[in-house]
Amino acid sequence: MAILKVGAAGEQAPSRRGSVCGRGLLTFVACGMVMTGAADAGGPRWVAGSSYSDPAAEGKPIVWRGGVVSYYTDNGPLSATVDEWHADAMVRSAAAFWNNVPTAAVSIAAAGNLREDVNGSNIAASNGAATAPADIVPTATQVPVAVVYDADGAVTDALLGPDASDPISCLQGGVTSMVDGMATDGTINHALVVLNGRCATPDKMELMQYLITRAFGRVLGLDWSQANDGIFGGSAPLNPSAEAGWPLMHPVERLCTSSFGSCMPEALSLRPDDIASLSRLYPVTASNIGSFSGKTLTAGASVSIRGVIHFPSGQGMQGVNVVAQPLLAGTNQPDPRYTVSAVSGALFQGNAGNRVNGILDADGNPLSQFGSNDASLEGAFDLSGMVLPAGVTQADYQLSFEAINPLDTGTLSVGPYGLGQVTPSGSLAVVVIRGLSAGATDVEDITVGDADSTHGLGADGSEDRPAERSGNGEWLAKLDGYGHSSWFHWHIRGGRLFTVETEALDAHGQATADKARPVLGIWNGIDPVDARPTNPVLHTLQPFNGAQVGLTTMWVQTVADANVRLAVADQRGDGRPDYLYRGRVLYAESVTPQRIALAGAAVTIKGVGFRPQNQVTVNGVPAAVMSLTSTEISVFAPPAGPGVTGNVDVTVTDPATLGSATIIGGISYDAGDTDSISLVSAPSGTVPMDVPIGFQVKTVGPDGATPAGGLAVTYSVISGAAVLGCGQSSCTVMSTGDGLATLAVTASSPAAAVVSAALANGASVQTRFAGSLPPAIAALTSPLYLAQGATLSWNPVALVLSGGTPTGGRAVTWSSASGGVVVTAPSTTSDASGHATGQIAVGPLPVGVTAQVNACLPGGPANCTSFQVASANPAIAELVAVSGTAQIIEAIDTPMAVVLRVEDAAGHPIAGAKVYFYETLSAWQPDCPAQGRCPAAPVLSKQTVSAVSGVDGLVTLAPLKLAGTATLLNGTAVTGGDSTLSFQIEQHP
């Protein structure tokens, strides 16, 4: 027994003699010979390349030596209803179709039987390999073609995978052909054909005969053809003349349909396209006609049209389907019954690899083993071997040009491009050739004058001299010239994640997957030239992995500052004047300021590749975009979440392409990990009790000198008796832009006290002091910030002391001499806790005014304290989410309230600010389908609600809802000049 590799259902690729495949390996992509890549061509299925074949064979179709094909049939029945004799007859009939072409030097003949009945007892699959009889493996060249009768489908399942033999899949698994052996002289020397007996039932016999005949065409080395490709499309009735020209070797089996009913009339007849393709591969010549009795010299019995299609630059245009059709006598109408086609560049390599992914296949074999690298063949086409229509001695021919069906790739590929077809560029006018008779040859040289455009193209460098990346991060270029790659370089900073994108374009600048197939690779600037990247993160394995048509995306992460080189290449190593692409680097370079308050702040991100609809998140939370250009975005960073301090990531995302750029740890909420704090001034030694004294510190960055503004400084009483300015044992103050933070600290006891000021990262300073002689009254309420034009009832609180002890029952007199402030209760009495509450009507306040309210005990000004009321400009107010702005709950639940805070630029809560809520309630919809349009959800209700912020700046909304109904609420809150905040509540089924 020998070993065969197995894979997914489909045709198998060939093995190379003298390679590891020569020791008995069979695989769908055997030893790197990717049959869906450069091996395919319009006419020949494979063309000898430079890295494997002998020099004399290079650039020629790979065929059976001398056109002689000997096959050996299995021992045993094909199925319960088809015995061995009838199975042999089906194989002979299939061979006869090809043998009977008078202009083709082909002889397919039975030479005997295999040594055994190949079945499930002697072939089995395990872990991607199959054991098989020695006379059917690639090394068995003494049995050139082995034909296996797979009575129960076990062989098909072993080779193609479980259930591949299922009768419902007979179009795919009814007959499997595998050309798995080639010699260096450019000839085929082994193939395997497996007939699935589960499909050999009375209702499918015509289909099986059709599939066997097609299989022999593939074994002979014929490529698929798309002659008359469009006749089955649309709703128009089938044109019988066009059907008569539908080739047997079309990649789609349309003559015998998947319904397994009767095939179309004469489905098994070779069409003119099949005959011409076979005659080109195996021409009958003066030197071989003696070996083929009854055959006719090909050249003398047929007409030929050859030529080349090229761009204005002279480069050949590969991948054009060239169609020849005789004109009906006396008319200019082509006769589709005699359609013959060939693909330009059929002999030229269709996949030579590229600088990014390399030039080897998955098994380490050079991709150049198939297809010539002779540039003169890149646009050449050959329409020889065409027989004249019946009953005529000469004819006029129409030559037309069309794109290969983009679906014809992989195992169904037509022409040299197997990884993806290329739509021709420019205008290819119909050519009429008059008076061709048997033996005539016409040569056409076709220049596509409007196939090239250089409008708006930017600089494009080479590997040793890469171009500078564009200043805004986007550029337009093309992979012009076979094997050409684009190279760029720039400097990046460490701790960044960024995206490189290329969008393949057509001649009109529209995204397409039918031109270039860009792949991307990135190198360190210090890497030597020709060094292939080894980290998969740094190159794309496949093109078009992006979220849009024609888009290729690569994500890159940096560790340290460095120079980098970027390469853009075609996946196939191709390059043409019509391979336009748009490149883009989405990269965030810096963000300022680097530190913000827990309440959030405005920040500016600088970089390249930004687009208008880009979104920004800070620590994963959306930030409101205030302005945006291609190199700068201004946003308001959201408040820190619960427990969030220190450095967090800043990310720019493109929702259209899904590209992103991240500055890792780009900003910090409060102190960063390496920020520090130093003492400026503080109460020290002995100080008067109840007299506020400023405790000032300076926050600095990692260098110990640069001010670090916007940090939260937490003041705490460590020991002893002291009162902080907030009236608590611990208070937080934000440092200003110059790094200074100040808090009033009051000594409340003659005993020594220790107070500290600390950052969130643990850095701290301390001061020690003791006090004497407490005051009689002190203010407890913070200053009020009131929106201009607003009015408010305000209740500030004063603390009344007697010998340092809170005292109740004391009358406190309230007064104010400031405009916009009215004391509605001139006198109040302190309660048991010593708290006296004022009753003040505030507003409207003039712009820029700070008013004062005094609270006094008897005894003169020394027994008074004061409160401040500041006018706030609502036009520059900001909205901050507190809770309820992103809810996903069940339809039966009740959504929680949406709570927002109105703040000024310094984070002070603004009272009296108007906030408008705009709500749209739509029916809940599931996710959009992967393809097709996403249906619009019906709107169930809308409403607009207004609210006024309280003393703490908070506004609360009871969201719109329909009880028990699955809905999606989209809302927007607006305040001030342009501050908005969106919220969403999903109530799913």
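Cut-offs used in this document
Residues numbered from 1 in each chain as written. Predicted model: local features only at pLDDT ≥ 70, side-chain atom pairs only at ≥ 80, totals over all residues. Heavy atoms only, no water. Helix = DSSP H or I, 4+ residues; strand = E, 2+ residues; numbered from the N terminus. Rg over C-alpha atoms; globule rule 2.2 N^0.38 Å. Buried < 20%, exposed > 50% of the residue type's maximum accessible area, 1.4 Å probe, protein only. Contact = heavy atoms within 4.5 Å. Areas by Shrake-Rupley, 256 points an atom, 1.4 Å probe, with all protein chains shown as cover. Lys, Arg positive; Asp, Glu negative; His and termini not counted. Charge placed at Lys NZ, Arg CZ, Asp CG, Glu CD. Pairing = 2+ DSSP bridges. Axes fitted to C-alpha atoms, helices over the stretch in contact; angles between N-to-C directions. Disulfide = S-S within 2.5 Å. Expected span 1.5 Å × (residues − 1). Salt bridge = Lys/Arg side-chain N within 4 Å of Asp/Glu carboxyl O. Polar contact = N/O pair within 3.5 Å; in protein donor to acceptor, adjacent residues only side chain to side chain. Core = buried A, V, L, I, M, F, W, Y, C linked by side-chain atoms within 4.5 Å. Phe/Tyr/Trp six-rings, centres within 6.5 Å; stacked < 30°, edge-to-face > 60°. 1 Å grid on protein atoms, 1.4 Å probe; cavity = no way out; pocket = protein on both sides within 12 Å on 5 of 7 lines; lining within 4 Å. Points joined across faces, edges and corners; volume = space filled by probe spheres on them. Nonpolar A, V, L, I, M, F, W, Y, C, P; charged D, E, K, R; others polar. Right-handed = clockwise from strand over helix to strand, strands pointing away. pLDDT = per-residue confidence, 0-100.

Check the secondary structure of the protein chain and you find seven helices and 60 strands. Over its C-alpha trace the protein chain gives a radius of gyration of 41 Å, far above what one expects of a compact globule, namely 30 Å for 989 residues. In terms of principal-axis extent, the alpha carbons of the protein chain reach across some 135 × 65 × 60 Å. Across the 989 residues of the protein chain, 52% fall into the buried class. Long-range pairs, those at least 24 residues apart, make up 69% of the contacts in the protein chain with a sequence separation of at least 6. On the protein chain, roughly 39300 Å² of surface is accessible, and the fraction owed to carbon and sulfur atoms is 54%. Measuring between centres, the 45 positive side-chain charges of the protein chain sit 3 Å from its 78 negative side-chain charges.

Glancing now at the sheet that holds strand β43 (residues 792-794). Backbone hydrogen bonds hold the strands of a sheet together, and the pairing may be parallel or antiparallel. Reading across from one edge, β43-β50-β47 is the order of the three strands in this open sheet, with antiparallel pairing throughout. Edge positions in the sheet fall to β43 and β47 (821-823), since each of these pairs with one other strand and no more. Across this sheet, the average inter-strand angle for adjacent strands is 25°, counted without regard to direction.

Counted by the stated rule, this structure contains three disulfides. Here Cys856 pairs with Cys864 through a disulfide, and the sulfurs are 1.9 Å apart. Measuring the twist about the S-S bond at about 115°, one finds the Cys856-Cys864 disulfide to be right-handed. We classify Cys856 as buried; its relative accessible area is 17%.

The subject of this paragraph is the environment of Ser782. Here Ser782 shows up in the loop between β41 (777-779) and β42 (784-787). Spatially, the C-alpha atoms of Ser782 and Pro796 are 8.2 Å apart, while their sequence positions differ by 14 residues.

Let us now look at helix α4 (residues 205-219). One turn of the α-helix equals 3.6 residues, which is why residues spaced by three or four share an orientation. Look at α4: 21 Å from first C-alpha to last across 15 residues, which is about the 21 Å you get at 1.5 Å a residue. Counting buried positions along α4 yields 13 of 15 residues, so the element is predominantly enclosed. Where α4 ends, the next residue or the one after it, Gly221, has phi of about 100°, a positive value.

As a further point, take the side chain of Glu919. Mapped onto the fold, Glu919 is located in strand β56 (residues 914-923). No salt bridge forms around the buried Glu919; measuring N to O, its nearest opposite-charge neighbour Lys961 is 9.2 Å away. Among the polar contacts listed, one links the side chain of Glu919 to the side chain of Gln943, at a separation of 2.7 Å. At 2.8 Å, the side chain of Glu919 and the backbone nitrogen of Leu960 are in polar contact. Each residue touching Glu919, except ones within four places of it in the same chain, is listed here: Ser941, Lys942, Gln943, Val945, Leu957, Pro959, Leu960, Leu969, Asn970, Gly971 and Phe983.

A separate point is the pattern of salt bridges. This model, assessed by the stated rule, comprises 18 salt bridges. Between Lys204 and Asp203 there is a salt bridge whose closest N-O contact spans 3.3 Å. With its nearest N and O atoms 3.7 Å apart, the salt bridge here joins Asp480 to Lys478. In this structure Asp480 comes out as partly exposed when scored by relative accessible area, which is 36%. A residue is classified by how much of its surface remains accessible, and Lys478, at 6% relative accessible area, is buried. Each of the salt bridges in this network shares a partner with another, and the network as a whole consists of Glu501, Arg584 and Asp654.

A separate point is the nonpolar core. Counting 65 residues, the largest nonpolar core has Trp64, Trp98, Ile108, Val145, Leu195, Leu220 and Leu278 as its most contacted members. The leading source of residues in this core is α4, at eight residues. Residue contacts for Val145: discarding those within four places in its chain leaves Trp64, Val69, Ser70, Tyr71, Tyr72, Ala191, Val193 and Val219. Core analysis: the second largest hydrophobic core is formed by 45 residues, Ala776, Leu857, Leu900 and Leu960 among them.

The next subject is the packing of aromatic side chains. For the structure on display, the rule yields 10 aromatic pairs. A centroid spacing of 6.2 Å and a plane angle of 65° characterise the contact between Phe917 and Phe983, whose relative ring orientation is edge-to-face. Highlighted residues: Phe917 in strand β56 and Phe983 in strand β60 (residues 979-988), separated in sequence by 66 residues. Classification of Phe917 by relative accessible area gives buried; the value is 1%. The class for Phe983 is buried, based on a relative accessible area of 3%. Cluster of aromatic residues (ring-pair linked, three or more members): Trp490, Phe498 and Tyr587.

Quantified by volume, the second largest pocket comes out at close to 970 Å³. If you go around the second largest pocket, you meet 30 residues; those closest to its centre are Pro622, Ala623, Ala624, Pro638 and Leu981. Among the secondary structure elements, those contributing two or more residues to the lining of the second largest pocket are β27 (615-618), β28 (621-628), β29 (632-637), β53 (878-883) and β60. Residues of the lining of the second largest pocket, tallied by class, amount to 19 nonpolar, nine polar and two charged.

Burial analysis of strand β11 (residues 320-326) places seven of its seven residues in the buried class, the great majority of the element. Here β11 shows no split at all, with Val320, Val322, Ala324 and Pro326 on one side and Asn321, Val323 and Gln325 on the other all buried. Relative to strand β14 (residues 394-403), β11 is paired through seven bridges, and the arrangement is antiparallel. By the bridge assignment for β14, Pro326 is matched with Tyr397. Here β11 pairs with strand β12 (residues 340-343) via four bridges, running antiparallel. Each bridged residue has a counterpart across the sheet, and for Val322 the counterpart in β12 is Ala342.

Strand order in this open sheet of five strands is β54-β60-β59-β56-β57, and the pairing throughout is mixed. Two strands close off the open sheet at either side, each with one partner strand: β54 (886-890) and β57 (939-948). Going across the sheet, the axis of each strand differs from the next one's by a mean of 15°, ignoring polarity. Judged from the nine bridges that link them, β56 and strand β59 (residues 967-975) form a sheet pairing that is antiparallel. Paired with Leu921 across the two strands is Leu969, which belongs to β59.

Turning our eyes to something else, we now look at helix α1 (residues 84-99). Here α1 contains 16 residues, and its C-alpha end-to-end distance of 22 Å stays within 8% of the 22 Å for a straight helix at 1.5 Å per residue. Taken together, the buried positions of α1 are occupied by Ala87, Asp88, Met90, Val91, Ala94, Ala95, Trp98 and Asn99. In the core, the buried residues of α1 are packed alongside β3 (68-73), β4 (107-113), β7 (145-150), β9 (187-196), α4 and α6 (272-281). A side-chain oxygen of the first residue of α1 lies 3.3 Å from the backbone nitrogen of Trp85; this N-cap is Asp83.

Looking now at the side chain of Gln325. Of note, Gln325 is situated in strand β11. Among the polar contacts listed, one links the side chain of Gln325 to the side chain of Thr339, at a separation of 2.8 Å. Beyond its immediate sequence surroundings of up to four residues, Gln325 is in contact with Asn228, Pro334, Asp335, Pro336, Thr339, Asp396, Tyr397 and Gln398.

As a general feature of sheets, a regular strand has side chains that alternate between the two faces. The pairing of β3 with β4 spans six bridges and is parallel. Across the sheet, residue Tyr71 finds its bridge partner in β4, namely Ala110. The parallel pair β3 and β4, bridged by α1, forms a crossover whose chirality is right-handed.

This part is about unusual backbone geometry. Excluding glycine, a negative phi dihedral is what most residues carry, and trans is how most peptide bonds are arranged. Of note, the bond from Thr592 into Pro593 is cis; its omega dihedral lies within 30 degrees of zero at -10°. The peptide bond linking Gly843 to Pro844 adopts the cis configuration, its omega dihedral lying at -10°. The residue Pro844 is located in the loop between β50 (840-842) and β51 (850-856) in this model. Positioned with a positive phi, Asn228 is a non-glycine residue whose angle comes to about 55°. With respect to the secondary-structure elements, Asn228 resides in the loop between α4 and α5 (240-244). Even without being glycine, Asn619 reaches a positive phi, approximately 55°.

When pLDDT is averaged along the protein chain, the result is 88, and 91% of the positions lie at 70 or above. Segment residues 1-42: pLDDT under 50, and 184 contacts once partners within four positions in sequence are set aside and those in other chains are kept.

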